[in-house]
Amino acid sequence: MSLIQNLPALQVVLPLFAAPLCLFLRHPRLAWLFALAVGGAVFAIAVSLTMTVGEVGAFSYEMGGWAAPWGIEYVIDPLDTLILCLVSGIGLLVLLYAGPSVEAEIPRGLIPQFYVLYLLCLTGLLGMVATGDVFNLFVFLEISSLSTYALVALGRDPRAQTAAYRYLILGSLGATFYVIGIGLLYMMTGTLNMEDLARLIPEVADTRTVSVAIAFLAVGLSLKLALFPLHKWLPAAYTYAPSVVTAFVAATATKVAVYVMVRIFFTVLGPIDAFQTLPAAVHETQVVSFLAILAMLSGSAVAIFQPNLKRLFAYSSVAQIGYMMLGISMVSVTGMTAGLVHMVNHAMIKGTIFMALGALILRLGWPRLERLDGVGYRMPVTFAAFVIGALSLIGVPGTSGFISKLYLVKAALEDQHWIMAAAVVLSSFLAIIYVWKILEVAYMRSPPADAAPVREAPLIMLAPLWILALANLYFGLDTTYTIGLSESAAEFILNYTPGEGPGFEHPLLTGHGAAESGGTH
Amino acid sequence: MIETILGLYNYWIVIVLMMAGFYTVIARGNLAKKIIGLNIFQTSVFLLYITMGYVRGGTAPIVDPSGEATLYTNPLPSVLILTAIVVGIATTALGLALAVRIRESHGTLEEDEILAIEDRMDGEH
Amino acid sequence: MIPLLFDMPTTIALTLLVPFAGTLAVLLLGRWPNLREAATLATASALTVLVYSLLGPVLEGARPELTLWEVVPGVPLAFSVEPLGMIFAMIASLLWIVTTVYAIGYMRGNDEHAQTRFYACFAVAILSAMGIAFAGNLLTLFLFYELMTISTFPLVTHKGTEEAKRSGRVYLGILMGTSIGLQLVAIIGCWILAGSLDFVPGGLLAGKAEGWPVLILFVLFVFGIGKAAVMPFHRWLPAAMVAPTPVSALLHAVAVVKAGVFTVVKVVVYVFGLDLLNATSGTEWIAVAAGFTILSASLVALQQDNLKRRLAYSTISQLSYVVLAAAILAPLSVMGAALHIMAHAFGKITLFFAAGSIYTAAHKTRVSELHGIGWKMPWTMGAFAIGSLSMIGVPPTAGFVSKWFMLSGAYEAQAWAAIAVIFASTVLNAAYFLPIVYHAFARPQPAGGHGYSGTHGLDAADRAHGAEEGDGHHADHGEAPWPIVLALTFTAGGSVVLFLFPDAFLTLAEQLVGGRP
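What you see is a predicted model; the values in this text were computed from it and never measured.

(A) Representation of the overall build of chain C within the structure. The helix and strand inventory of chain C stands at 20 helices and two strands. For 517 residues, the compact-globule estimate of 2.2 N^0.38 gives 24 Å, and chain C sits close to it at 22 Å. Over its C-alpha atoms, taken along the principal directions, chain C stretches across nearly 70 × 55 × 45 Å. Burial analysis of chain C (517 residues in total) assigns 63% to the buried set. Carbon and sulfur atoms provide 67% of the accessible area of chain C, an area that totals close to 17000 Å². Distance from the positive charge centre (25 side chains) to the negative charge centre (27 side chains) of chain C: 8 Å.

So, in structure tokens, the structure goes:
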């Protein structure tokens, strides 16, 4: 096998094996450089995977040489490459940024452990995307979640521990719900391979077991992606985690959870329209749309009253997840495009914002609103990047956030979902209010008279921050990649039919073992 | 009817454990008890998987050198559950470690008291 | 006429790049005020030359285009020059030079802080005005429309006081709220109905939509273009008056508000098309809303004692003239609308210049304080008189030309109510402007100061002497610094010149409606 063919495995295995090695590098600086090198390699793999998929189309890799559906299969399709590049790219930028920030926020002795956890979290996120096996997905989900809980607990504030604890309880519940869901599906179909499941599921679509499985999956994944009202873990976790962790998790973890939701409901369960048959809340409106709207409005409204900026933007994240799910819940190509593109754009937006906040924390301490008087003049370069991120969050034209809103409103109007369009607009107003509150403090109050002069954040933090900030502008003006990829992914997902696959007889359905192992009949 | 109830007794046990565990996680205020509840909840899932892999009268799936056709149980769910148990242990360990740290910093494991302490901290900051 | 210096697409690109370069230059030269202001002046002059070099080809019927890349599939970032945009760009760029001269006098005279930010934001605002003028589709237009809102925000809140902050919130809240809440929805609606966002002569939506969707989109556009200040979304304009006067003059009498009404006219002509709107019932309600705005804003203006606020309400009323003229949907009235963009720009900027001049020289902001000031500041108040006449629409000022076309259009369309509104508001205009002029010259000044006699006041040498004397103690002031006087004299003169030689603008307006009706 050539290197190219092994890339899907390397994508996941490299950070997995590299992670424990950080422990041996006792010096924080060394651990950082090592993690940085791994992050760079991972990103390079993601990019070459993207190019390979661009040339030869979607391809799969059999873990350990065991053919699917017996072995674990990794499948890389265009949607995967988009998310892989996003996660590994942001992972790399945040790693670059992490050096000075981690040294300031995390006890020196724990720094090598920090990079272990960070790389493990990255492994989990990449694995969730690359894998083609629903149980393997659970394993990666837990790898990333467990390392995230520990990362959150590294925060300096004692509340970081309780935040991590709550996150752990709710996260584990969500993951366990997910396991129950796929267990029930396995019971009915005898397979855990995604494509195989998609092929076999229509036969058993009308059974109660499958309905129950869908319910468990929906709740479990909603917990993981923090869909209102299952978002309770998110604000505290984002607020008290170290800045680097917040930037990374906010930009990637929930996005990958949204991706998993899309993957499970639209490809694995796509053939039986599982998403469309979720219990309806109001007439034709799906329960997810309904929750998404509530998330958008409540998240933005609560954000207005938060004096702590990290918490403010955590609530804003709750609202933004609502945007993504709203787009997805429309079940139209435009809507799905909007949801997916917002996933990418929001990763850039929140990455920028939380990185900028981390830089403010480094220089000024806890980011309370009342401490930021005149910060726009005290740290102009850092704060200018924040402004770009914040404008993008509002959806000012010329920024990536605008493209998301444009498509979201377009999708809503196309299908004449007036309420959804109105909710997007209304939530944008609320975003203007909470963003402007900050900008006013930063630019229209003079710095306190006794304020010591502060320096800008170090260059090694500014560089990734500005790369992301400029990416916000770039992807607001040229959407060939984002919209183009999202649109083709949306069409692929909505018209998904399991491929023909190898003509094998299923081992568990042909033998008499399967007949009885079903258990319920 | 009776057969449905008695014949599927493992499933009833699964449901009872699941609900008991879930209730404990949600309703108990003590952080350690929540972890115990989470464990019970996860255990019910292990049982669910193992039950579905079990074939009545089957034996462990080890190839018999004598070559007799033997009825095997499905090994895959057991394998999966081994993984899940590992994950469960990791979760428990991490959860308990966090509980210890919370106990150290807050001086209590009761959720309402922790909330009260944190409300005060919010006021100060 | 200025010959074309570059090929036309390059010229379009340069009209955006030159202000951008100007912004950078201002920021880099911030430490040396003289160089910074020289850079602004040079930028403004270069921009004006570029814009006017396009005039010749456009008059001959050329419609140069510049298409950059696709922002979203099917909708590129595109620019095209058509008559209406040409009018707007010509006014904005020319008046930018004048305003820069004025601003130098004003900002230095009042010793304002943060001047570098001021000039930089000003340049960005002009850049967005160019972008709006030459936008080739609705998305491009919207992009620059929002850029303008954001770049003018620091100008509005320049003083940094509590009041400035409050006004800034109103300003931003209304402008962004209407644009995102209504205008963006309308744009997306057009996109869905027509499958494209290009400006098409005769109307993008013509033949692709009819009935209530058209009406809804029209309403969304007119109210969503908050910069046109149709009631009830007018409050941002008086709020914006806390800005330094050069900002009020160029942006809130010319660039920003004209961007609003320009967009309205552009949408009426190139997105809907007159025929489509004429065939849609209910569009007359837009005219009613505009008429209501004209009259009520005039009535409010009557009661304002603060000079700049009075001017602001007058602007609201005058903007609705343009909206009304466009909503009458007759070719002649649309020509009137286009011409009024030009006429009002010159008139109102003169009035604001005069207000700023009075503030700089005498530190007076109230109408009631202006008794007898005419003899102390004859150039200022003379210009003010000309500006007032143009607002009222009396020859020999440009205001008369545009009003003439509006009335002819209304007559042609038999819109008697519109004619009545225009007449009534003319009376009101006279009622709130002429007393200022009258009192300034005919009333004795309040006790304490001593005036110049008429012959003195009109004598340039004495005026200069007065200006020197006025420095330092305002109770005994003369004219404002010479850059201010120069600027307002120029614009007042412009109002008269455009009455005498409106040919270029007339031709452009004719081309807008497809030949002389």
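So that's the structure; there's more coming.
(B) Quick look at the arrangement of the chains. Between all two pairs of chains that are in contact, chains A and B come out with the most contacts. For chain B and chain C, which are not in contact, the least C-alpha distance works out to 26 Å.

(C) Looking closely at the interface of chain C and chain A. At the interface, 27 residues of chain C touch 28 residues of chain A. With both sides pooled, the region where chain C packs onto chain A buries about 2500 Å², and carbon together with sulfur makes up 79% of that total. Summed over the shared surface of chain C and chain A, the number is one salt bridge. Summed over the shared surface of chain C and chain A, the number is four residue pairs in polar contact (both at pLDDT 80 or more). Looking at the side of chain C that touches chain A, the elements that each hand over two or more residues are strand S1 (65–72), helix H5 (138–156) and helix H6 (162–194) of chain C. With 13 residues, H6 of chain C is the largest single contributor of residues to the side of chain C that touches chain A. Considered class by class, the residues forming the side of chain C that touches chain A number 17 nonpolar, five polar and five charged.

(D) Region of interest: the confidence of the model for chain A. Scored by pLDDT, chain A has a mean of 83; 93% of the residues are at 70 or more. The secondary-structure element of chain A with the lowest mean pLDDT is helix H20 (residues 507–510) of chain A, recorded at 34, while helix H5 (residues 134–153) of chain A shows the highest, at 91.

(E) Geometry of the environment of alanine 133 of chain C. Residue and element names in this part refer to chain C. Structurally, alanine 133 can be placed in helix H4 (residues 115–134). Judged by its relative accessible area of 0%, alanine 133 falls in the buried class. A sequence separation of 172 residues divides alanine 133 from aspartate 305, and the C-alpha atoms of the two residues are 35 Å apart. Apart from the residues within four sequence positions on either side, alanine 133 is in contact with Glu82, Gly85, Phe88, Ala89, Phe262 and Lys266.

(F) Local environment of the side chain of glutamine 304 of chain C. Residues and elements named next belong to chain C. Within the secondary structure, glutamine 304 sits in the loop between helix H11 (284–303) and helix H12 (307–328). Side chain to side chain, glutamine 304 and arginine 309 meet in a polar contact 3.4 Å long. Leave out the neighbours within four places in its chain, and glutamine 304 touches Arg309, Arg310, Tyr313 and Val367.

(G) Molecular detail of the interface of chain A and chain B. With 40 residues of chain A at the interface, the matching set in chain B holds 44 residues. Ranking the residues of chain A by area buried against chain B places Arg159, Gln161 and Tyr165 of chain A at the top, with a combined share of 18%. Linking chain A with chain B are one salt bridge, by the criterion used here. With a closest N to O distance of 3.7 Å, arginine 166 of chain A and glutamate 111 of chain B form a salt bridge. Counting only elements with at least two residues in the side of chain A that touches chain B, the list comes to H5, helix H6 (159–189) and helix H21 (512–517) of chain A. Among the elements that make up the side of chain A that touches chain B, the one with the highest residue count is H6 of chain A (18 residues). Counted by class, the side of chain A that touches chain B contains 24 nonpolar, ten polar and six charged residues.

(H) Summary view of a nonpolar patch on the surface. Residues and elements named next belong to chain B. On the surface, a cluster of nonpolar side chains totalling about 790 Å² of accessible area is made up of Met1, Ile2, Ile5, Leu6, Trp12, Ile15 and Met19. Mapped onto the nonpolar patch, the elements with two or more residues apiece are helix H1 (2–7) and helix H2 (9–27). Take isoleucine 5: it is sitting in helix H1.

(I) Broad picture of the packing of aromatic side chains. Residues and elements named next belong to chain A. Applying the stated criterion to the full structure yields 37 aromatic pairs over all chains. Taking 6.1 Å as the distance between ring centres and 85 degrees as the angle between the ring planes, the aromatic pair formed by tyrosine 238 and phenylalanine 354 counts as edge-to-face. Of this pair, tyrosine 238 sits in helix H9 (residues 233–240) while phenylalanine 354 sits in helix H13 (residues 333–364), placing them 116 residues apart in sequence. Of the two residues, tyrosine 238 and phenylalanine 354, neither departs from the other in class, the shared state being buried. Aromatic pair phenylalanine 313 and tyrosine 434: ring centres 6.4 Å apart, planes at 85 degrees, arrangement edge-to-face. Remark: tyrosine 434 occurs in helix H17 (residues 418–444) and phenylalanine 313 occurs in helix H12 (residues 309–329); sequence separation between them is 121 residues.

(J) Structural view of the pairing of strand S2 (residues 75–80) of chain C. Residues and elements named next belong to chain C. Taking burial as the measure, the six residues of S2 include six buried ones, the bulk of the element. Alternating residues of S2 divide into Val75, Leu77 and Phe79 and Pro76, Ala78 and Ser80, and every residue in both groups is buried. Of the strand pairs in this sheet, S1 and S2 are connected by five bridges, and their pairing is antiparallel. Paired with threonine 67 across the strands is alanine 78, a residue of S2. Between S1 and S2, which pair antiparallel in sequence order, lie two residues; one of them, glycine 74, sits at a positive phi of approximately 90 degrees.

(K) Summary view of helix H9 (residues 245–272) of chain C. All names here are of chain C. When the local axis directions of H9 are compared, the greatest deviation, roughly 45 degrees, occurs at leucine 251. Among the 28 residues in H9, 28 count as buried, and that is most of the element. Following H9 by one or two positions, glycine 273 adopts a phi angle in the positive range, close to 85 degrees.

(L) Structural view of the side chain of serine 495 of chain C. Residues and elements named next belong to chain C. Note that serine 495 resides in helix H19 (residues 482–500). Owing to a relative accessible area of 0%, serine 495 belongs among the buried residues under this scheme. Setting aside its immediate chain neighbours within four residues, serine 495 contacts Phe346, Gly347, Ile386, Ser390, Pro396, Thr397 and Ala398.

(M) Summary view of the nonpolar core. Residues Tyr115 and Phe265 of chain A together with Phe272 of chain C are the most contacted members of the largest nonpolar core, which totals 441 residues. Residues within four places of phenylalanine 272 of chain C in sequence aside, it is in contact with Gly202, Gly203, Leu205, Ala206, Val214, Leu217, Phe218, Phe221, Val267 and Leu277 of chain C.

(N) The arrangement of the pattern of salt bridges in detail. The full count for this structure, using the stated rule, is twelve salt bridges over all chains. Between aspartate 157 of chain A and arginine 159 of chain A there is a salt bridge, with the nearest N and O atoms lying 2.8 Å from each other. Judged by relative accessible area, aspartate 157 of chain A falls into the buried class, the value being 11%. You can call arginine 159 of chain A buried: its relative accessible area is 2%. Lysine 165 of chain C is the salt-bridge partner of glutamate 162 of chain C, the closest N and O atoms lying 3.5 Å from each other. Taken as a pair, glutamate 162 of chain C and lysine 165 of chain C lie in helix H6 at a separation of three residues, close to a single helical turn.

(O) Molecular detail of unusual backbone geometry. Geometrically, the link from phenylalanine 228 of chain A to proline 229 of chain A is a cis peptide bond, its omega value of 0 degrees lying close to zero. With respect to the element layout, proline 229 of chain A can be found in the loop between helix H8 (208–225) and H9. With a phi angle near 55 degrees, histidine 363 of chain C is a residue other than glycine that sits in the positive phi range. Within the fold, histidine 363 of chain C resides in the loop between helix H13 (331–362) and helix H14 (378–392). Even without being a glycine, glutamine 414 of chain C presents a positive backbone phi close to 55 degrees. As for its position among the elements, glutamine 414 of chain C is in the loop between helix H15 (398–412) and helix H16 (416–442). Since its relative accessible area comes to 54%, glutamine 414 of chain C is described here as exposed.

(P) View of the packing of H11 of chain C against H16 of chain C. All names here are of chain C. The contact between H11 and H16 brings their axes to 9 Å, and the two run at 15 degrees. The pairing of H11 with H16 is recorded here as roughly parallel in orientation. In this structure, H11 crosses over H16, and the sense of that crossing is left-handed. Residues Gly291, Ile294, Leu295, Ser298, Leu299, Ala301 and Leu302 of H11 pack against Val421, Ala424, Ser425, Leu428, Asn429, Ala431 and Tyr432 of H16. Among the residues forming the contact of H11 with H16, the class breakdown is ten nonpolar, four polar and no charged.

(Q) Structural view of the packing of helix H1 (residues 8–28) of chain C against helix H2 (residues 33–59) of chain C. All names here are of chain C. Packing of H1 against H2 leaves a shortest axis separation of 9 Å and a crossing angle of 170 degrees. Classified by the angle between their axes, H1 and H2 sit roughly antiparallel to one another. Listed contacts from H2 to Met8, Thr11, Ile12, Leu14, Thr15, Val18, Pro19, Gly22, Ala25 and Val26 of H1 are Arg36, Ala39, Thr40, Thr43, Ala46, Leu47, Leu50, Val51, Ser53, Leu54 and Pro57. The residue makeup of the contact of H1 with H2, split by class, is 14 nonpolar, six polar and one charged.

Cut-offs applied
The written sequence of each chain sets the order in which its residues are numbered from 1. Lettering of chains starts at A and numbering of ligands starts at 1, both following the order in which they are written. Local features in a predicted model are, by the rule used here, given only for residues with pLDDT of at least 70; side-chain atom pairs are given and counted only at 80 or more, and totals for whole chains, interfaces and linings are based on all residues. Calculation of side-chain values draws on the structure's entire complement of heavy atoms; hydrogens and water are dropped beforehand. Secondary structure elements follow DSSP: runs of H or I no shorter than four residues count as helices, runs of E no shorter than two count as strands, and numbering proceeds from the N terminus. As defined in this context, the radius of gyration uses C-alpha atoms, and a globule is described by 2.2 Å times the residue total to the power 0.38. Buried residues are those whose accessible area, probed at 1.4 Å on protein chains only, stays under 20% of the maximum for their type, while exposed residues exceed 50% and partly exposed ones sit between those limits. Computed with the Shrake-Rupley method and a 1.4 Å probe, the accessible areas treat only the protein chains shown as cover for residues. His residues and chain termini do not enter the charge count, which takes Lys and Arg as positive and Asp and Glu as negative. For this purpose, a charge sits on NZ of Lys, CZ of Arg, CG of Asp or CD of Glu. In what follows, residue pairs with any heavy atoms lying within 4.5 Å of each other are defined as contacts. Two parts placed together each lose some accessible area; with a 1.4 Å probe, that loss summed over both constitutes the buried area. By definition, a salt bridge exists where a carboxyl oxygen of Asp or Glu is found within 4 Å of a side-chain nitrogen of Lys or Arg. Polar contact is defined as a pair of N or O atoms within 3.5 Å, subject to the rule that within protein one atom must be able to donate a hydrogen and the other to accept it, and that residues adjacent in sequence are counted only when both atoms are side-chain atoms. Side-chain classes follow a simple rule in which Ala, Val, Leu, Ile, Met, Phe, Trp, Tyr, Cys and Pro form the nonpolar group, Asp, Glu, Lys and Arg form the charged group, and the remainder, Gly included, forms the polar group. For every residue, the predictor reports its confidence as pLDDT, a number between 0 and 100. Note on patches: the residues involved have over 30% relative accessible area and no salt bridge, like charges join within 9 Å, and the nonpolar side chains Val, Leu, Ile, Met, Phe, Trp and Tyr join within 5 Å. Ring pairs shown here join Phe, Tyr and Trp side chains whose ring centres sit within 6.5 Å, with only the six-membered ring taken for Trp; geometry is labelled stacked below 30 degrees between planes, edge-to-face above 60, and tilted in between. In this description, strands pair whenever DSSP reports at least two bridges between them. The angle separating two fitted axes, one through the seven residues that finish at a residue and one through the seven that start at it, defines the bend at that residue. Nine residue types can take part in a nonpolar core, namely buried Ala, Val, Leu, Ile, Met, Phe, Trp, Tyr and Cys, and a core is a set of them joined through side-chain atoms within 4.5 Å. Angles here are taken between N-to-C directions and fall from 0 to 180 degrees, while the axes themselves are lines fitted to C-alpha atoms, restricted in helices to the stretch in contact. Angles are sorted into four bins: roughly parallel if under 35 degrees, roughly antiparallel if over 145, roughly perpendicular if 65 to 115, and oblique for all others. Working rule for handedness: look at the near helix, and if it is turned counterclockwise from the far one by less than a right angle, call the crossing left-handed; if clockwise, right-handed.

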